[in-house]
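Architecture at a glance
What follows is the residue order along each chain.
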Amino acid sequence: MVRNIVVLGGNSHPALVEIISNTLGVPPCNRILSKFSVGESRLEIQDSVRGKDVYIIQSGSGKVNDNFIDLCIMISACKTGSAKRVTAVLPLFPYSRQPDLPYNKIGAPLTKAPTEVNRGDFTFESRPSTPGPGQPQSAGLSNGSGMEGLQRKLVKTSLEQQNGNSYTNGITPPRRSDTIDSTSSLTNGRGRGSSSGSQTGPAFTTHDMDPSMLTKEAKSVFQAKPGYKQWVAQAGTLVADLLTCAGADHIITMDLHDAQYQGFFDIPVDNLYGKGLLKHYIRTKIPDYKDAVIVSPDAGGAKRATAIADDLNMEFALIHKERRPTRITDRQNATMMLVGDVAKRVCILVDDLADTSNTITRAAKLLKKEGATQVYALLTHGVFSGDAIVRINASALDKVIVTNSVPQDDHSRLCPKLEVLEVGGLFAEAIRRVHHGESISTLFLAQ
């Protein structure tokens, strides 16, 4: 029994909370976590957490956003209740597949390079191209008037505003402080009738104009080119900041999809590995596993798959997603290419997460097409959203092995190919070691 510790569970995975509590010999903390009729979360912790080491267990499955908000509320409540330390235990980390710079379909954050570009005038190829030092800010607007014509119209508008004249083009420019650029634009002859010292006009850009302030004629004049890139929400940094601001002192998770996620936090993050459980299954459940082949379904999981293959002294193969156009008539496998020999051998697909299961089912079809006798899929997190279970049942996969980092009871009833491995003992041991200040790395070495 571990003393001076509190295990607080959320609503995402009650079975895992019970397993961890029984392993540690600590009863789960009594709490009320429900919803008001309006949909807001209600939390009441009925046991004292003052001076205790609190571990809140909440997995990123099911209703992810609701579970995440419940986690933040529980963390804040424990900090308000004078808990000594609050550790968030997330077997499946939410939003872990959304890095801050997502890639588009062609595999790079930048769009296709422009065809007619003077290499000496630009620093790198983007759309529109970024100007180099001393170069004009834009090659011109789509209406052909160019930046010079735009700046002349804006300066004229600013002069009309200063002289009290009405705005002929229907634009009411916002007020801005005088700048060097605005002063130089007037002294260079763009502001006629004004002295260089007595009257200055602010410099405007097309981004300063509110579209609602422009008339129909003005909108036809101010047509700026699109920005340098499509801005997206930085979900990784946001989730890390939310957990930290809620009061979390430590994070324990397993098999982050992007290892870079740990760098978003200013607090310690322990990323446990599920490969020990997968290796044990291979040794004990797969006959003649030495003759089998470990296969990574994509290039991103090659490092994870090769680590297992090296530890078990097994051969390794890789499925590469070919992006170039091909003449293969089979559309299902037209973008996938196998690197390695799997003919007349058992194949073991290894991946960290399966959501829609499209990748592993297509990989299994390709492996069977290349002569594999059996195809296993070993996954750490089996989310199986949408029609994933139906797809697995109809696929060439012979067996799918997942951990219970997310609830698998419903999935097991619907899919006879599914087998679940227990991770409650791994998290309980990690919690015990963190509570007593022992090393976590020995868990990885033992695997």
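Right above here is the structure, for reference.
All of these numbers come straight from a predicted model, not from anything done at the bench.

Right, let's talk about helix 2 (residues 64–80) for a bit. Helical geometry note: an α-helix holds 3.6 residues per turn, so side chains three or four residues apart project in the same direction. Relative to the 24 Å expected for 17 residues at 1.5 Å per residue, helix 2 spans 24 Å between its end C-alpha atoms, a close match to the ideal helical length. Packing partners of the buried residues in helix 2 comprise strand 1 (5–9), strand 2 (31–35), strand 3 (41–45), strand 4 (53–57), strand 5 (85–90) and helix 6 (235–246). Ser-82 lies just past helix 2 and shows a positive phi near 65°.

A separate point is the packing of helix 7 (residues 275–285) against helix 8 (residues 302–312). Between helix 7 and helix 8, whose axes approach to 11 Å, the crossing angle comes to 50°. Accordingly, the angle class assigned to the pair helix 7 and helix 8 is oblique. In the packing of helix 7 onto helix 8, the handedness of the crossing is right-handed. Residue-level inspection shows Lys-275, Leu-278, Lys-279, Ile-282 and Arg-283 of helix 7 in contact with helix 8, the latter providing Ala-307, Ile-308, Asp-311 and Leu-312. Residues that form the contact of helix 7 with helix 8 fall into these classes: 5 nonpolar, no polar and 4 charged.

With that settled, the discussion passes to the pattern of salt bridges. Under the counting rule described, the total for this entry stands at 18 salt bridges. Here Lys-35 makes a salt bridge to Asp-70, at a shortest N to O gap of 3.9 Å. Linking Lys-35 in strand 2 with Asp-70 in helix 2, this pair joins segments that are 35 residues apart in sequence. Residue classification places Lys-35 among the partly exposed positions, given a relative accessible area of 39%.

Turning our eyes to something else, we now look at the side chain of Asn-271. Within the secondary structure, Asn-271 is located in strand 7 (residues 269–272). Residue class for Asn-271 comes out buried when judged on its relative accessible area of 9%. Only 2.9 Å separates the side chain of Asn-271 from the backbone nitrogen of Asp-255, close enough to count as a polar contact. A distance of 3.2 Å separates a polar atom in the side chain of Asn-271 from the backbone nitrogen of Leu-256. Contact partners of Asn-271, with chain neighbours within four places excluded, come to Thr-253, Met-254, Asp-255, Leu-256, Gln-262 and Phe-444.

Parameters and conventions
Residues numbered from 1 in each chain as written. Predicted model: local features only at pLDDT ≥ 70, side-chain atom pairs only at ≥ 80, totals over all residues. Heavy atoms only, no water. Helix = DSSP H or I, 4+ residues; strand = E, 2+ residues; numbered from the N terminus. Expected span 1.5 Å × (residues − 1). Contact = heavy atoms within 4.5 Å. Axes fitted to C-alpha atoms, helices over the stretch in contact; angles between N-to-C directions. Parallel < 35°, antiparallel > 145°, perpendicular 65-115°, else oblique. Left-handed = near helix turned anticlockwise from the far one by under 90°. Nonpolar A, V, L, I, M, F, W, Y, C, P; charged D, E, K, R; others polar. Salt bridge = Lys/Arg side-chain N within 4 Å of Asp/Glu carboxyl O. Buried < 20%, exposed > 50% of the residue type's maximum accessible area, 1.4 Å probe, protein only. Polar contact = N/O pair within 3.5 Å; in protein donor to acceptor, adjacent residues only side chain to side chain.

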